[in-house]
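Observations on the three-dimensional arrangement
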Amino acid sequence: MFNKVLIANRGEIAVRVIRALRELGIKSVAVYSEADRQSRHLALADESVCIGPAPARDSYLKAERILSAAKITGAQAVHPGYGFLSENASFSKACRDQGLRFIGPSPEAISSLGHKIEAKEIARKAGVPVVPGAAGEGPALAEAARKVGFPVMVKAAAGGGGKGLRLVREERLLSSEIEKASGEAKAAFGDGTLYLEKFIEHPRHVEIQIAADEAGGVVAFPERDCSVQRRHQKLIEEAPSPAVTPALREKLQSSAIRLAKACGYTNVGTVEFLLDRSGEYYFIEVNTRLQVEHPVTEMVTGLDLVHEQIRLAAGLPLSFDSERASRISAHCIEHRVNAEDPSRGFAPCPGLVEGLTLPAGPGVRVETHLYPGYTVPSYYDSLLAKLIVSGQDRPAALSRALRALGEFSVGGLKTTLPFHRRVLQDERFRSGDFDTSLADILLQEDAHAGS
């Protein structure tokens, strides 16, 4: 096991990893930008190193500075958290070349799965269902679109997070949307390569958490439902999914395990699927890192994924088997609380935290780096906190989540808390009969009511 680990991240995930390291008796090294001098993760870490100015491109995305910080502090491993360099194959390889353990999969796995076209081919060969589609240049994409039929989704091959993503419902719009998507992908990921897929109408977004050791052992956890999204980014996640039967769960888990074994995957990751109204499922992508919503799986199973990440990176075998990983002991819902104004299209709202009241009580967990007097910077992701609530079943979890949301307040900032309460009070969400369009529908309804 490691003696010291550097966390190449900030905010609530840095706090989460530092706490896990302390529980395992491992010293922690925090890195920070000049904008994060007052950040909570510095106070919790054993050591800290400034790595540059506020913009991420000059600090948290500067691999050489992070590696230098690891060297001068004597860290043996690097935990990348999520975002920033967490899915950067070059950074993973640089860690390995400098004798550091990267707490995540190999650079080879990150590279092959990080490219959406290659990942789909791996899935297809592993017998995992994929959405009909094709890759290629403009004319080839146009021909492929005609074959699979409109509507289609045009996607960036090298990235995610809604960048380089376009829904095209008519052929006459295809050329212009391809040009826009390619330009956006080039700017975001340095690669304008695109592919397209048949657009699945009214899907649910479900995902399977996996964990794998270096001896070839792979386990899959119960699914998470991530269908409440805005601009293709998740707002609410829950497990188990109201739309997944035990038989379907077994198929999803089996597909995720086959895919992981097909590419020699190690450490933790998430295999994402679309689920249509008929119960058919299709592979989307693999997130080769810890997910923002990992606490959902932890609360449902009682297992600690960050502990397991660290153990696996140290070369230890999985600490549990498939039966244990699949055991569901509760229903859980996670709310991503962002510094955003839903009434203004979720516009970011950084600023001073003038007051803070966090919910508590049975089955309530809050992951955050906030404190009164902290200034939320404008340079980074707007995630303020994650509220994770569990109950014996879905109705109990819903009631508890509403109670916890009512206790949660962040003074001085606009947040997404009111929108979360709005979702939980909507009958479509409460009944479990919803899809990825729900958030947009609610926003449209609220805008219409306001006018």
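Above this note sits the structure.
Read on for an overview of the structure. Note that the structure is predicted; figures quoted are calculated from it, not measured.

In this section: the packing of helix α1 (residues 11–23) against helix α11 (residues 305–313). Relative to each other, α1 and α11 sit at 65 degrees, their axes nearing to 9 Å. Of the possible angle classes, the one that applies to α1 and α11 is roughly perpendicular. Remark: the crossing between α1 and α11 carries right-handed chirality. Contacts from R16, V17, A20, L21 and E23 of α1 reach α11 at V306, H307 and I310. Looking at the contact of α1 with α11, its residues break down into five nonpolar, one polar and two charged.

Here we come to the sheet that holds strand β15 (residues 331–338). The eight strands lie next to each other as β14-β13-β10-β11-β12-β15-β22-β20, forming an open sheet whose pairing is antiparallel. Bordering the open sheet on either side are β14 (281–287) and β20 (364–368), each of which pairs with just one other strand. Going from strand to strand, the sheet's axes swing by 25 degrees on average, the running direction of each strand aside. Pairing between strand β10 (residues 204–212) and strand β11 (residues 218–230): six bridges, direction antiparallel. The residue of β11 that forms the bridge with A211 is V219. Packed on one face of the sheet, helix α9 (residues 246–262) meets β10, β11, β13 (267–275) and β14 and runs near 110 degrees to β11.

Quick look at helix α8 (residues 174–189) now. Helix length check: α8 (16 residues) gives 22 Å between terminal C-alpha atoms against 22 Å at 1.5 Å per residue, within 8%. Within α8 the residues assigned to the buried category are L174, E177, I178, A181 and A185. The buried residues of α8 occupy an angular sector of 100 degrees when projected down its axis, which confines them to one face. Of the exposed residues in α8, the ones pointing more than 90 degrees away from its buried face are S175, E179, K186 and A187. Check the buried side of α8 and you find it contacts α7 (138–148), β7 (152–156), β8 (166–168) and β9 (194–198). Looking one or two residues beyond α8, the residue adopting positive phi is G190, at roughly 75 degrees.

Take the pattern of salt bridges next. Any two side chains of opposite charge can pair, so long as their charged atoms come close to each other. All told, the structure shown has 45 salt bridges when counted by the stated rule. Linking D304 and R16 is a salt bridge whose minimum nitrogen-to-oxygen distance equals 3.1 Å. Residue D304 is found in the loop between α10 (294–301) and α11, and its partner R16 is found in helix α1; the two are separated by 288 residues along the sequence. Looking at D304, the relative accessible area reads 25%, which means it is partly exposed. We classify R16 as buried; its relative accessible area is 6%. Measuring nitrogen to oxygen at the nearest pair gives 2.9 Å for the salt bridge that ties E87 to R289. A residue pair is termed long-range when its members are at least 10 positions apart, and E87 in the loop between β4 (77–79) and α4 (89–97) and R289 in the loop between β14 and α10 qualify at 202 residues. The class for E87 is partly exposed, based on a relative accessible area of 34%. Through salt bridges with shared partners, a single network forms among E207, R224, K234, E237, E272, E293 and R336.

Among the five residues of β20, five are classified as buried, and the element is accordingly described as predominantly covered. Where β20 and strand β22 (residues 383–391) come together, five bridges link them in antiparallel fashion. Among the inter-strand pairings, T368 is bridged to a residue of β22, identified as A385.

Scoring rules and cut-offs
Note that residues are indexed from 1 along each chain, following the sequence as it is written. Restriction of local features to residues with pLDDT of at least 70 applies here, the model being predicted, together with a cutoff of 80 or more for giving and counting side-chain atom pairs; totals for whole chains, interfaces and linings are based on all residues. Each side-chain value is worked out from all heavy atoms of the structure, with water and hydrogens disregarded. The angle between two axes is taken between their N-to-C directions and runs from 0 to 180 degrees, where each axis is a line fitted to C-alpha atoms and a helix contributes only its stretch in contact. Secondary structure follows DSSP: runs of H or I at least 4 residues long count as helices, runs of E at least 2 residues long count as strands, and numbering of each begins at the N terminus. In what follows, roughly perpendicular refers to angles from 65 to 115 degrees, roughly parallel to angles under 35, roughly antiparallel to angles over 145, and oblique to any angle outside these ranges. Definitions for this section: a left-handed crossing has its near helix turned counterclockwise from the far helix by less than a right angle. A right-handed crossing has that turn clockwise. The contact rule is simple, with two residues in contact once any of their heavy atoms fall within 4.5 Å. Three residue categories are used. Nonpolar comprises Ala, Val, Leu, Ile, Met, Phe, Trp, Tyr, Cys and Pro, charged comprises Asp, Glu, Lys and Arg, and polar comprises the others, including Gly. Pairing between two strands requires that DSSP report at least two bridges joining them. Working rule for helices: expected span equals 1.5 Å times residues minus one. Partly exposed describes any residue whose relative accessible area lies between the buried limit of under 20% and the exposed limit of over 50%, with all areas from a 1.4 Å probe on protein chains only and scaled to the type maximum. The directions considered for the arc run from the helix axis to the C-beta atoms. Put simply, a salt bridge is a Lys or Arg side-chain nitrogen that is within 4 Å of an Asp or Glu carboxyl oxygen.

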